[in-house]
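Listed below, chain by chain, are the residues.
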Protein chains: 4
Amino acid sequence: MTLLPEKLLTGYRNFMAHRYANETMRYKQLADQGQTPETLVIACCDSRSAPEIIFDTAPGEIFVLRNVANLVPPYAPDGEYHSTSAALEFAVQSLKVKNIVVLGHGRCGGIKAALDTTSEPLSPGDFIGKWMSLVGPAAEAVSANELMTPFERQTALERISIRYSLKNLRSFPCVDILEKKGRLTLHGAWFDISTGELWIMNPETGDFLRPDPEEVAEAAALE
Amino acid sequence: MTLLPEKLLTGYRNFMAHRYANETMRYKQLADQGQTPETLVIACCDSRSAPEIIFDTAPGEIFVLRNVANLVPPYAPDGEYHSTSAALEFAVQSLKVKNIVVLGHGRCGGIKAALDTTSEPLSPGDFIGKWMSLVGPAAEAVSANELMTPFERQTALERISIRYSLKNLRSFPCVDILEKKGRLTLHGAWFDISTGELWIMNPETGDFLRPDPEEVAEAAALE
Amino acid sequence: MTLLPEKLLTGYRNFMAHRYANETMRYKQLADQGQTPETLVIACCDSRSAPEIIFDTAPGEIFVLRNVANLVPPYAPDGEYHSTSAALEFAVQSLKVKNIVVLGHGRCGGIKAALDTTSEPLSPGDFIGKWMSLVGPAAEAVSANELMTPFERQTALERISIRYSLKNLRSFPCVDILEKKGRLTLHGAWFDISTGELWIMNPETGDFLRPDPEEVAEAAALE
Amino acid sequence: MTLLPEKLLTGYRNFMAHRYANETMRYKQLADQGQTPETLVIACCDSRSAPEIIFDTAPGEIFVLRNVANLVPPYAPDGEYHSTSAALEFAVQSLKVKNIVVLGHGRCGGIKAALDTTSEPLSPGDFIGKWMSLVGPAAEAVSANELMTPFERQTALERISIRYSLKNLRSFPCVDILEKKGRLTLHGAWFDISTGELWIMNPETGDFLRPDPEEVAEAAALE
């Protein structure tokens, strides 16, 4: 009887031999004192864009919500189960994070599905269809522009979706209030799987730009 | 203007200098050919239990859904937005993963909230309260036993919740059918933040046990 | 005529050839000067959890009471025969031990019997049924939670029973007085037969934790 | 905070490093398959006469009841808590042991207390006084013989007590029946702490004799 996929068991052995061995005290402290992450990252489930890898974080540094296409639905206090809103509420109200980063990425399967209106539902429940309908109007608008290539259309929708999620984040009263008080900052970023580049959203213009190497170096120097 | 929290910028520089530099070909290939992860991991948002770290995975290996307390709600094809069900559908039907791992962990804030019936909602929407009410009956059953310590009660509910999520996974027709055909295997695991130990669920009894070191070594030898 | 089971005779020959041969002086001294054990261990009769083996003790170090499920009944000066209370009184008042350790263990047959309410008495006297009824209310509370596995329920009751015995120990005036004077310390521990692990009770929370390897090493260094 | 007496922590480390390390498979098997000891040993709590040491037993070989002076009270199905009877019932009826050994020893504190009629109770509950009153008439008879030295009187009562316990064992219907059917054998033995000698009771005469060295060697050869 295989209790876990073998790759994961082997990986776990590596974790214990290296990472945990090196950071034992940190793990013990995090267990005793609880987590105090300063940042909530909302990322995609995609196997190629794990925030802990891309940001090379230590345990305890980022609280991470992951769903398909890193979407935040609009505020809807309707008594239904909302896993995204629950994670957001916990991060902001209980953990009191100072930053929220919506991290999108290229070649996103969810965004691709939103643009592909000809395909059949994946299953009778059509959960992906419904979930991606959150960006349905945006997908339609992007699709209408036949002068862009399919690749360009997908990148465009990936970035529009990040701005859409940031807008929805602000529809939550607690986010809106804390941001206005200067106690919470919202960020957008987009990861290029192929080149490894991180494009960061300019909060004023909404444009995605690669960070100035000097700024990165400066941040490193401040550490 | 700080575009991203400085820690994340520095971390990203490390990622580019080390991980991406070492795995450039893998990233490029994953971008060109798309992802083919064999395993869906359903994990908690907690900043101390990132699956990519615990399983020391390479990019492309695991598709990761993260919500508070790694819960899977029961199958409900009601046309509402279900981020968990959407990710599940995408992983099983589109990516055709072979394994699903529900990864819980100790000292889970969501589970603690479920057991604490005296606290106020975190915000008027009470999203955490509603979300954790998925395991409300189990929390009540656990709380009824006052002879267990709070820590013991929490561990008990953390493990009951993993079994609950596995049961709900099987309420999805696609999961049920593929598991019965032997094309999909479900697993439960629980990570001890303090000791770094991974307790794996025995699928027959539901008990959580640490993997036999020999089995781990064997898995490593098979690599 | 076989005077003793052969295994015991052979074992006794080994004892004389090795242990007694190596510790002759100690045995002679202990015979001449009497015993002065510093610790009373209250353990289970189980053949797999002998305190002298688990704690690798020398002769004379621990005074050992063993009954089914290592239970201490509440203080009851009623003039009846109480073997547990007699041993306790002798250890505390006559030998003046400084520590009492209640040592439970996993897969305890007595605890299992307490949780199994459907079985017939083992004999008309039903001595086990009556003896285990000491933890009857706790067994009921544990059994009420059907979401835990049988194994989890048994572990829970094993640990609750240790806390119960510690509480009853404190119902003996001599224990209570000496503990308050700081001349007697009470401990709880639980032995995992399968892994060999010893889980030690935190006296403040009642939780069972494995001892920090560093603390064990430190104790060794102090020897 | 010291969770356990340091000596025990150090001893436990030795156990893990040597005994458990050497017998890991046996412990795992005993945990998986349960215990099947062939012998119940009824011994004294005394710190100098641990049956596992004297008989050099492996884990799982002997089920061990220990009370002050290794006494078995007479059969009394009165609905009270009887720890000795409970252990006996469990060993005979559930584990189906083939042998019962009552193991007494020299310089027994309990027996000494029974012979000392001038001393005060150890505590108001006088649990030792009550417990040792089981052999009160025998103690009186022995004390009446002023021609024996105190040491001789004590040895005499230690051996009378073993025969008394064996008689009481036979008052339990299950013991009596199984012994008559030849499925259970009763033994008496007395351990001399100073010399390490084991004196074994001849079941026909009740005399205690040192085992014939040849018989011990023979038993060893049969292994």
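As the structure is a prediction and not an experimental result, all values here were calculated from the model.

Participant: Explain the interface of chain D and chain C to me, using residue names and the numbers behind them.
Facilitator: In this complex, chain D contributes 102 residues to the contact, which on the side of chain C involves 101 residues. Of the roughly 9200 Å² buried between chain D and chain C, counting both surfaces, carbon and sulfur atoms make up 66%. For the pair chain D and chain C, the interface holds four salt bridges. Residue E61 of chain D is joined to K7 of chain C by a salt bridge in which the shortest nitrogen-to-oxygen separation is 3.8 Å. Connecting chain D to chain C are 40 residue pairs in polar contact (both at pLDDT 80 or more). Each residue belonging to the side of chain D that touches chain C can be placed in one class, and the counts come to 51 nonpolar, 30 polar and 21 charged.

Participant: Now, about the domain arrangement of chain A: what can you tell me, with residues and values included?
Facilitator: Residues and elements named next belong to chain A. By the assigned domains, chain A splits into domain 1 (1-34) and domain 2 (35-222). In this structure, domain 1 and domain 2 have C-alpha centres spaced 28 Å apart. With seven residues of domain 1 in contact, the opposing surface of domain 2 contributes seven residues. Overall, the association of domain 1 and domain 2 removes approximately 490 Å² of surface from exposure, summing both partners, and the carbon and sulfur fraction of that is 52%. Where domain 1 touches domain 2, the interface holds zero salt bridges.

Participant: Describe in detail a negative patch on the surface, supporting the description with residues and values.
Facilitator: A contiguous patch of negative charge, built from D78 and E80 of chain A together with D78 and E80 of chain B, is present on the exposed surface. Note that D78 of chain B resides in the loop between β2 (62-67) and α4 (83-94).

Participant: Report on the packing of aromatic side chains, specifying residues and quantitative values.
Facilitator: Tallied over the full model, the rule gives 45 aromatic pairs over all chains. Between Y75 of chain B and F172 of chain B, the aromatic rings sit 5.2 Å apart at their centres with planes inclined by 70°, giving edge-to-face as the arrangement. Placement of Y75 of chain B in the loop between β2 and α4 and of F172 of chain B in the loop between α8 (150-169) and α9 (173-180) is noted, with a sequence separation of 97 residues between them. You can call F172 of chain B buried: its relative accessible area is 3%. Its guanidinium or amino end placed over the ring of Y81 of chain B, K130 of chain A lies 4.9 Å from that ring's centre, counting from NZ or CZ.

Participant: Got a sec to walk through the relation of the copies chain A and chain B? Specific residues and values, please.
Facilitator: Once chain A is rotated about the relating axis by 180° and shifted along it by 0.0 Å, it coincides with chain B to within an RMSD of 0.1 Å. The relationship between the two copies is best expressed as a two-fold rotation axis. The rotation axis passes nearest to the C-alpha of R66 of chain A in chain A, at a distance of 2.4 Å. Both copies present the same face, since 100% of the interface residues in chain A are matched by interface residues at the equivalent positions in chain B.

Participant: Summarise the environment of V64 of chain B; cite the residues concerned and give the values.
Facilitator: The topology assignment puts V64 of chain B in strand β2. By relative accessible area, V64 of chain B is classed as buried at 0%. Sequence-wise, V64 of chain B and L122 of chain B are 58 residues apart; in three dimensions their C-alpha atoms are separated by 26 Å. Other than its neighbours up to four places away in sequence, V64 of chain B contacts C45 and R66 of chain A together with V41, P51 and E52 of chain B.

Participant: Residue-level account of the interface of chain A and chain B, with values.
Facilitator: Every contact between the two is made by 101 residues of chain A and, on the other side, 101 residues of chain B. Summed over both partners, the interface of chain A with chain B comes to about 9300 Å²; 66% of that surface belongs to carbon and sulfur atoms. Our enumeration of links across chain A and chain B arrives at four salt bridges. At the surface where chain A touches chain B, the tally comes to 41 residue pairs in polar contact (both at pLDDT 80 or more). Take the side of chain A that touches chain B: its biggest share by element is 13 residues, from helix α1 (residues 6-22) of chain A. Within the side of chain A that touches chain B, the residues separate by chemical class into 51 nonpolar, 29 polar and 21 charged.

Participant: Any details on unusual backbone geometry? Residues and values, ideally.
Facilitator: Phi is positive for D126 of chain A, close to 45°, though the residue is something other than glycine. Summarising the element assignment, D126 of chain A is placed in the loop between α5 (109-115) and α6 (127-132). If you check the backbone angles, D56 of chain B has positive phi at about 45° while not being a glycine. Note on placement: D56 of chain B falls in the loop between α3 (51-54) and β2.

Participant: Could you give an account of empty space enclosed by the protein, with specific residues and numbers?
Facilitator: For the structure on display, the rule yields twelve cavities of 30 Å³ or more. In this structure, the largest cavity spans a volume of roughly 110 Å³. If you trace the largest cavity, you find it lined by P73, Y81, H82, S83, T84 and W131 of chain C together with P73, Y81, H82, S83, T84 and W131 of chain D. Mapped onto the lining of the largest cavity, the elements with two or more residues apiece are α4 (83-94) of chain C together with α4 (83-94) of chain D. Here the lining of the largest cavity is composed, by residue class, of six nonpolar, six polar and no charged.

Participant: Explain the pairing of strand β4 (residues 185-191) of chain C to me, using residue names and the numbers behind them.
Facilitator: Residue and element names in this part refer to chain C. Across the seven residues of β4, six count as buried, placing the element largely inside the fold. Both strand β3 (residues 99-105) and β4 contribute to a ladder of seven bridges, which runs parallel. Each bridged residue has a counterpart across the sheet, and for V101 the counterpart in β4 is H187. Across three bridges, β4 lies against strand β5 (residues 198-201) in antiparallel orientation. By the bridge assignment, F191 is partnered in β5 with L198. A loop of six residues connects β4 with β5, the two strands running antiparallel in sequence, and G196 in this loop sits at a positive phi of about 80°.

Participant: Outline the pattern of salt bridges, listing residues and values.
Facilitator: In the structure shown here, the tally under the stated rule is 36 salt bridges over all chains. The partner of R66 of chain A in a salt bridge is E52 of chain B, with the nearest N and O atoms 2.6 Å apart. Taken together, the residues span two chains, with R66 of chain A in strand β2 (residues 62-67) and E52 of chain B in helix α3. By the burial criterion, R66 of chain A is buried, and E52 of chain B matches it. The partner of E23 of chain C in a salt bridge is R19 of chain C, with the nearest N and O atoms 2.6 Å apart. Here the salt bridges share partners, and the residues they tie into one network are E197 and R210 of chain B together with E197 and R210 of chain C.

So, how was this worked out
- Residues numbered from 1 in each chain as written.
- Chains lettered and ligands numbered in written order.
- Predicted model: local features only at pLDDT ≥ 70, side-chain atom pairs only at ≥ 80, totals over all residues.
- Heavy atoms only, no water.
- Contact = heavy atoms within 4.5 Å.
- Buried area = accessible area lost by both parts, 1.4 Å probe.
- Salt bridge = Lys/Arg side-chain N within 4 Å of Asp/Glu carboxyl O.
- Polar contact = N/O pair within 3.5 Å; in protein donor to acceptor, adjacent residues only side chain to side chain.
- Nonpolar A, V, L, I, M, F, W, Y, C, P; charged D, E, K, R; others polar.
- Domains from an automatic or database assignment.
- Patch = residues over 30% accessible without salt bridge, like charges linked within 9 Å, V, L, I, M, F, W, Y side chains within 5 Å.
- Areas by Shrake-Rupley, 256 points an atom, 1.4 Å probe, with all protein chains shown as cover.
- Lys, Arg positive; Asp, Glu negative; His and termini not counted.
- Charge placed at Lys NZ, Arg CZ, Asp CG, Glu CD.
- Helix = DSSP H or I, 4+ residues; strand = E, 2+ residues; numbered from the N terminus.
- Phe/Tyr/Trp six-rings, centres within 6.5 Å; stacked < 30°, edge-to-face > 60°.
- Buried < 20%, exposed > 50% of the residue type's maximum accessible area, 1.4 Å probe, protein only.
- Lys NZ or Arg CZ within 6 Å of the ring centre and 35° of its normal.
- Least-squares fit on C-alpha atoms with pLDDT ≥ 70 in both.
- 1 Å grid on protein atoms, 1.4 Å probe; cavity = no way out; pocket = protein on both sides within 12 Å on 5 of 7 lines; lining within 4 Å.
- Points joined across faces, edges and corners; volume = space filled by probe spheres on them.
- Pairing = 2+ DSSP bridges.

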